[in-house]
Amino acid sequence: MTLPAVPAARPDPGGRSGLAAETVRRIMHVAFAIRQQQDTEIAELGLTPAVARALYELDPDRPLPARDLAEQLQCDRSNVTALVDKLEQAGLVQRRVDPTDRRQKTLVVTNAGRLMRQRVHEVMSDSRLLDGLTTGELAALRDLVRKVSDGGRAQGCGT
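Note that this is a predicted model, so its numbers are computed, not measured.

A. Molecular detail of the overall build of the protein chain. When you go through the protein chain residue by residue, the secondary structure sums to six helices and three strands. Overall, the protein chain shows an N-to-C arrangement of helices and strands of α-α-β-α-α-β-β-α-α. Within the protein chain, the fraction of its 159 residues that count as buried is 25%. Contacts in the protein chain between residues at least 24 apart in sequence constitute 53% of all its contacts with a sequence separation of at least 6.

Right, dumping it as structure tokens:
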């Protein structure tokens, strides 16, 4: 994948402020490229990014109430209802009565959903963009990204 050129830095590139600004722009550029690649491949699977993320968050071995999925995705339950409707229409999940509380329904990943979830995981883990790095460079990048990351907190619904 060829990336568009990153705009040149405006602040003094020699100072800490300019260096930080250029670094942030380049991180955003890489994130955009990864997101574009993932969105394209998710669409090729017949899913939207939000539906793929909802499926990815479900544990195939542990049925989950929709309200818990909404919490995991950090979004409103009404949004999750629409996402689950799409997953159910695609045959990837089923709504089933919870055997411990018959007033509640849980989301159960189907066999087709398990396979699709694995494919989504592969798309989300695709590292082709990093192929030009040596193992040492990749480890250093991972460590630096980990140092500045948000600790793995999920993004909001539909992102």
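B. Region of interest: the environment of Lys 86. Considering the arrangement of structural elements, one finds Lys 86 in helix H4 (residues 77-89). According to the relative accessible area criterion, Lys 86 is partly exposed, its value standing at 45%. Sequence separation between Lys 86 and Val 51 is 35 residues, and the spatial gap between their C-alpha atoms is 7.2 Å.

C. Seen up close, the pairing of strand S3 (residues 101-109). Where strand S1 (residues 64-65) lies against S3, two bridges are found, and the strand directions are antiparallel. Within S3, the residue paired with Pro 65 across the bridge is Thr 106. One ladder, built from six bridges, connects strand S2 (residues 93-98) with S3; its direction is antiparallel. Paired with Arg 95 across the bridge in S3 is Leu 107. In this antiparallel pair of consecutive strands, S2 and S3, the connection spans two residues.

D. Region of the structure containing helix H3 (residues 66-73). Of the positions making up H3, those classed as buried are Leu 69, Ala 70 and Leu 73. Taken end-on, H3 shows its buried residues confined to a sector of 105°, consistent with a single buried face. Packed against the buried residues of H3 are helix H2 (49-57), S1, H4 and S3. A positive phi of about 55° marks Gln 74, the residue just after H3.

E. Region of interest: unusual backbone geometry. The phi dihedral of Gln 74 is positive, around 55°, even though this residue is not glycine. Note on placement: Gln 74 falls in the loop between H3 and H4.

F. Here's a closer look at the packing of aromatic side chains. Taken as a whole and judged by the stated rule, the model has zero aromatic pairs. Directly above the ring of Tyr 56 sits Arg 117, whose terminal nitrogen or CZ lies 5.7 Å from the centroid.

Conventions adopted
- Residues numbered from 1 in each chain as written.
- Predicted model: local features only at pLDDT ≥ 70, side-chain atom pairs only at ≥ 80, totals over all residues.
- Heavy atoms only, no water.
- Helix = DSSP H or I, 4+ residues; strand = E, 2+ residues; numbered from the N terminus.
- Buried < 20%, exposed > 50% of the residue type's maximum accessible area, 1.4 Å probe, protein only.
- Contact = heavy atoms within 4.5 Å.
- Pairing = 2+ DSSP bridges.
- Arc of directions from axis to C-beta.
- Phe/Tyr/Trp six-rings, centres within 6.5 Å; stacked < 30°, edge-to-face > 60°.
- Lys NZ or Arg CZ within 6 Å of the ring centre and 35° of its normal.

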